[in-house]
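# Examination of the molecular architecture
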Amino acid sequence: MTKPVVLIAEELSPATVDALGPDFDIRHVDGTDRPALLAALADANAVLIRSATQVDAEAIAAGPNLRVIARAGVGLDNVDVPAATRAGVMVVNAPTSNVISAAELAITHLLALARHLPAADASMKAGQWKRSAFTGAELYEKTVGVVGLGRIGVLVAQRLAAFGVELIAYDPYVPPARAQQLGVTLVELDELMRRSDFITIHIPKTPETTNLIGADEFALAKPTLRIVNASRGGIIDEDALLEALQSGRIAGAGLDVFVSEPPTGSPLLGAPGIQLTPHLGASTDEAQEKAGVAVAKSVRLALDGELVPDAVNVAGGAIDPSVRPGIPLMEKLGQVFAALADHSFASIDVEVRGEIVAHDVGVLKLAALKGIFSRISSEQVSYVNAPLLAEQRGVAVRLLTEASSEEYRNLLTIRGALSDGTQLSVSGTLVGAKQAQKIVEINGYDVEVPMAEHLIVMLYTDRPGIVAVYGKEFGEASINIAGMQIARREAGGEALSVLTVDSRVPDELLERVQSAIDARVMRAITIVEQ
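Report follows, based on the coordinates. Predicted, not measured: the structure shown is a model, and the values here were computed from it.

Parameters and conventions
- Residues numbered from 1 in each chain as written.
- Predicted model: local features only at pLDDT ≥ 70, side-chain atom pairs only at ≥ 80, totals over all residues.
- Heavy atoms only, no water.
- Phe/Tyr/Trp six-rings, centres within 6.5 Å; stacked < 30°, edge-to-face > 60°.
- Buried < 20%, exposed > 50% of the residue type's maximum accessible area, 1.4 Å probe, protein only.
- Lys NZ or Arg CZ within 6 Å of the ring centre and 35° of its normal.
- Salt bridge = Lys/Arg side-chain N within 4 Å of Asp/Glu carboxyl O.
- Helix = DSSP H or I, 4+ residues; strand = E, 2+ residues; numbered from the N terminus.
- Pairing = 2+ DSSP bridges.
- Patch = residues over 30% accessible without salt bridge, like charges linked within 9 Å, V, L, I, M, F, W, Y side chains within 5 Å.
- Areas by Shrake-Rupley, 256 points an atom, 1.4 Å probe, with all protein chains shown as cover.
- Axes fitted to C-alpha atoms, helices over the stretch in contact; angles between N-to-C directions.
- Contact = heavy atoms within 4.5 Å.

### Digging into the packing of aromatic side chains
This structure, assessed with the given rule, holds four aromatic pairs. Centre to centre, the rings of F337 and F345 are 5.4 Å apart; their planes meet at 25°, and the pair counts as stacked. F337 sits in the buried class, given a relative accessible area of 0%. Through a chain of ring-to-ring contacts, three or more aromatic side chains come together here, namely Y173, F337 and F345. A cation over a ring is seen here: R489 above Y445, with NZ or CZ 4.0 Å from the ring centre.

And the structure:
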């Protein structure tokens, strides 16, 4: 019997090859040699890569037998995941392989900032002996702010506790009871900026977290603040950080990640009080070996047709063709649900109504949770760890099914209770031969809006002239409204308006429109293909 072909496109550890075992025809290619890669993919059932090999739509099309793309690491910037999903190719990575390495690097940056280690080292190597120039600060009894209490943020907090620091954190999706178990006090971001002597960032980069810490936040900080970002580039506004360092608004910063990598020509390279590393979060021998072994095991599972814990786009095992189109819709509904939530979740119900409940629809619950937690978790979210993330946060999750659906052939709903007692719901359906994705309900308001990359959701008191106000504001800002629907329960009551727009809406424009129409809710939501 012919063995499945596993193509290794970059250098991996011997332990990775050992983990694959003898059941595969293992071949090697230089993934950066594009013609050679495309030729080798023709026979491959699986391909293992690191960060240098680009597996885009062209590469996926070159592999007609390809069943799994395995990235021996965390990031997936070099893999076209939507193209792989359309082709039915599973994408796996090693989301937990670098968590300890990343946490230790963040703490290394904090300690090095506190004691001026890079500058002192450079001074010594220049033949100088300037002890007084490098007087530092202790961590003991200082306040350390952790932005994001995901897996890495928790590891950092646990390790910092041994230094005798006061730990505070900003993470709107973590229940206070969970933070209390960790010995951490939850605070709002403004309070964290005011109180912290040190800050370390561990959140995903999303439209909501891009430039989360900017000029307004630095204006609140102590002049002794030292801030570290070993998470994702762009969470700190780099221009605002440069100004804060140059003006002495803060004392120092440690960066492992940047908006553009490498940051060639960036003025941050010469900023005072800054220490830089070239994205070393996962660069340890241990993390690299863990990543390789983890994806090798995932490849074995995938080629055996079994459930793959680290699959980022499709669940392993058989999924009925009538259920499969609902997976991407449910993930997107999860993103909308999370973006509309003001507080952490107490419970989540995933409701499936209609003909498809005749089949196993359990994957739709996993898809909903994956969509929700991909918006709020600092770690890679998969079909397997999404329920664990909910459990860690104390969120009760149920799957409810009903064979009857009055208005739609099939109706998918995510309904939840938030920690402040409010309720939230979002529903969607698939329409027509092309299975077009539509949002059909938000918080009890009936709408029918195509799922789009950029959405705006507004809730305000219904009165004449409101549409003209926000239409004018968006028009003057060159934001094109592609579609719009307004729903209300009664004249003069609250109205829900859902807009699809062609581009992302700046935060300052949203704030201006919210003020102009006195909206109780104003959300711009960017849907990310997963």
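### Looking at the pattern of salt bridges
In the structure shown here, the tally under the stated rule is 21 salt bridges. Here D349 ties to R398 by a salt bridge, and the two come within 2.7 Å at their closest N and O atoms. In this pair, D349 sits in strand β13 (residues 345–354) while R398 sits in strand β14 (residues 396–402), placing the two residues 49 residues apart along the sequence. Taking the relative accessible area as the measure of exposure, D349 reaches 13% and is therefore buried. For R398, a relative accessible area of 48% corresponds to the partly exposed category. Linked through salt bridges whose partners overlap, the residues forming this network are D25, R27 and D43.

### Regarding the pairing of strand β15 (residues 410–418)
With eight of nine residues buried, β15 is to be regarded as a mostly interior element. One ladder, built from nine bridges, connects β13 with β15; its direction is antiparallel. Looking at β15, one finds that V350 is bridged to I414. Counting the residues that bridge the hairpin from β15 to strand β16 (residues 423–431) gives four residues, and of these G421 lies at a positive phi of roughly 95°.

### What about a nonpolar patch on the surface?
Together, V467, M484 and I486 give the surface a local cluster of nonpolar side chains, amounting to about 230 Å² of exposed area. Positionally, I486 belongs in strand β20 (residues 481–488). Classification of I486 as partly exposed rests on a relative accessible area of 37%.

### Section: the sheet that holds strand β1 (residues 5–8)
Two pairing modes exist for strands in a sheet, parallel and antiparallel, and in both the strands are linked by backbone hydrogen bonds. Overall, parallel pairing links the five strands, which are arranged β2-β1-β3-β4-β5 in an open sheet. Edge positions in the sheet fall to β2 (25–28) and β5 (90–92), since each has one partner strand and no second. Pairs of neighbouring strands in the sheet enclose a mean axial angle of 20°, with direction left out of account. Two elements, β1 and strand β3 (residues 46–49), share three bridges in a ladder whose sense is parallel. Along β3, the bridge assignment pairs I8 with L48. On top of the sheet, helix α12 (residues 285–303) reaches β1, β3, β4 (68–71) and β5; it is set at about 170° to β4, its chief contact.

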